[in-house]
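Here is how the chains run, residue by residue.
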Amino acid sequence: MCTCLNSNQLQSCLKKLRRKIYNISDKVGKKIGIDVPYYVENGFWVVFNQLVTILTSLFVSIIFAKYLSKEVFGQYQLMHSFLGIFAILSIPGLSTSVTRSVAKGFNFSYIKAVRLSLSFSLLAIPVFIALAVWYYLKKDLEFALILVLSGLLFSLIHGFGKWTSFLQGKSQFEKLSKFGIIQSTVLNVFLILTVLFFSKNLFV
């Protein structure tokens, strides 16, 4: 066990710990005929990413419950429901296809999947506009504007969201987890700040 006093010593400690874990898992793997170091290292990053996502999401939920009114929170959840329902238009099954194809060396399948997903996601625009018209007629202008904006951004969000599948296919779980942690943290910090300073403005 080493005592870490600064960043250099901390990095040295982590390297030593990583080497020890690798040596132990490598010996176990050789005995049972499985690449245990691969599963241990990648499994750590996957679990760490999920843990960070769960904790930040939980914290955001607490902030939402404390600072948002029932009406604003209900509309926010309704918007998420619409996005979840219409996600089927982006052909979500393409993500699995991309992972399998990239793992076999067909990297160009990622580009094809993005193009296909973008094309089909455009079908969501008239759907969101129709919903926006409905809420506009019900005198809810703010929610109508949110629906229009969501429809315009829908294809971009779902179309370019296949990068995670690409990294999974490349078995780059460490990079995938780090990107995921950064994305989740930045998004949730932004949500918390908007709730604290614009709790009554659903559009923000």
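Structural notes, computed from the coordinates.

1. Notes on the side chain of S184
Part 1 of the reasoning: Within the secondary structure, S184 is located in helix α9 (residues 173–197).
Part 2 of the reasoning: For S184, a relative accessible area of 11% corresponds to the buried category.
Part 3 of the reasoning: A distance of 3.4 Å separates a polar atom in the side chain of S184 from a polar atom in the side chain of T56.
Part 4 of the reasoning: Residues contacting S184, with those up to four places away along its chain left out, are T53 and T56.

2. Things to note about the nonpolar core
Part 1 of the reasoning: M79, F82, F128, F143 and L147 are the most contacted members of the largest nonpolar core, which has 22 residues in total.
Part 2 of the reasoning: Broken down by secondary-structure element, the contributors of at least two residues to this core are α2 (36–67), α3 (70–85), α6 (124–137), α7 (141–159) and α9.
Part 3 of the reasoning: Ignoring any residue separated from it by four or fewer positions in sequence, one finds L147 in contact with M79, F82, F128, L131, A132 and Y135.
Part 4 of the reasoning: Ranked by size, the runner-up nonpolar core spans 5 residues in total, among them V98, V102, A113 and V114.

3. Description of the environment of Q75
Part 1 of the reasoning: Relative to the helices and strands, Q75 resides in helix α3.
Part 2 of the reasoning: Given a relative accessible area of 16%, Q75 falls into the buried group.
Part 3 of the reasoning: With 127 residues separating them in the primary sequence, Q75 and L202 have C-alpha atoms 7.9 Å apart.
Part 4 of the reasoning: Those residues in contact with Q75 that lie beyond four places of it in its chain are D140, F143 and L202.

4. Examining unusual backbone geometry
Part 1 of the reasoning: Backbone geometry at K139 places phi at a positive 70°, although glycine is not the residue there.
Part 2 of the reasoning: Relative to the assigned elements, K139 resides in the loop between α6 and α7.

5. Quick look at α9
Part 1 of the reasoning: For α9, with 25 residues, the first-to-last C-alpha span of 36 Å sits near the 36 Å given by 1.5 Å per residue.
Part 2 of the reasoning: Among all positions in α9, only F173, L176, S177, G180, I181, S184, N188, L191, I192, T194 and V195 are buried.

6. Side note on α3
Part 1 of the reasoning: With 16 residues, α3 should reach 22 Å at 1.5 Å per residue; the first-to-last C-alpha distance of 22 Å fits that figure.
Part 2 of the reasoning: Among all positions of α3, only V72, Q75, M79 and F82 are buried. With its buried residues spanning 80° around the axis, α3 presents them on a single face. Turned more than 90 degrees away from the buried face of α3 sit K70 and I85, all of them exposed.
Part 3 of the reasoning: On its buried face, α3 sits against α6 and α7.

What counts, and at which threshold
Starting from 1, residues in each chain are numbered consecutively following that chain's sequence as written. With the structure being a predicted model, the display of local features is reserved for residues of pLDDT at least 70 and the display and counting of side-chain atom pairs for 80 or more, all residues being used for whole-chain, interface and lining totals. For the side-chain quantities, the full set of heavy atoms in the structure was used; hydrogens and water were omitted. Think of it this way: any DSSP run of H or I at least four residues long counts as a helix, any run of E at least two long counts as a strand, and we number them from the N terminus. Here the term buried applies to any residue with accessible area under 20% of the maximum for its type, exposed to any over 50%, and partly exposed to those in between, with areas from a 1.4 Å probe on protein chains only. Pairing of N or O atoms within 3.5 Å defines a polar contact, subject to two protein rules: one partner must be a possible hydrogen donor and the other a possible acceptor, and residues neighboring in sequence count only if both atoms are side-chain atoms. Contacts: residue pairs with any heavy atoms within 4.5 Å of one another. Nonpolar core, defined: a set of buried Ala, Val, Leu, Ile, Met, Phe, Trp, Tyr and Cys residues in which side-chain atoms within 4.5 Å join the residues together. Here the expected span of a helix is defined as 1.5 Å times the quantity of residues minus one. Read the arc as the range of directions from the helix axis to the C-beta atoms.

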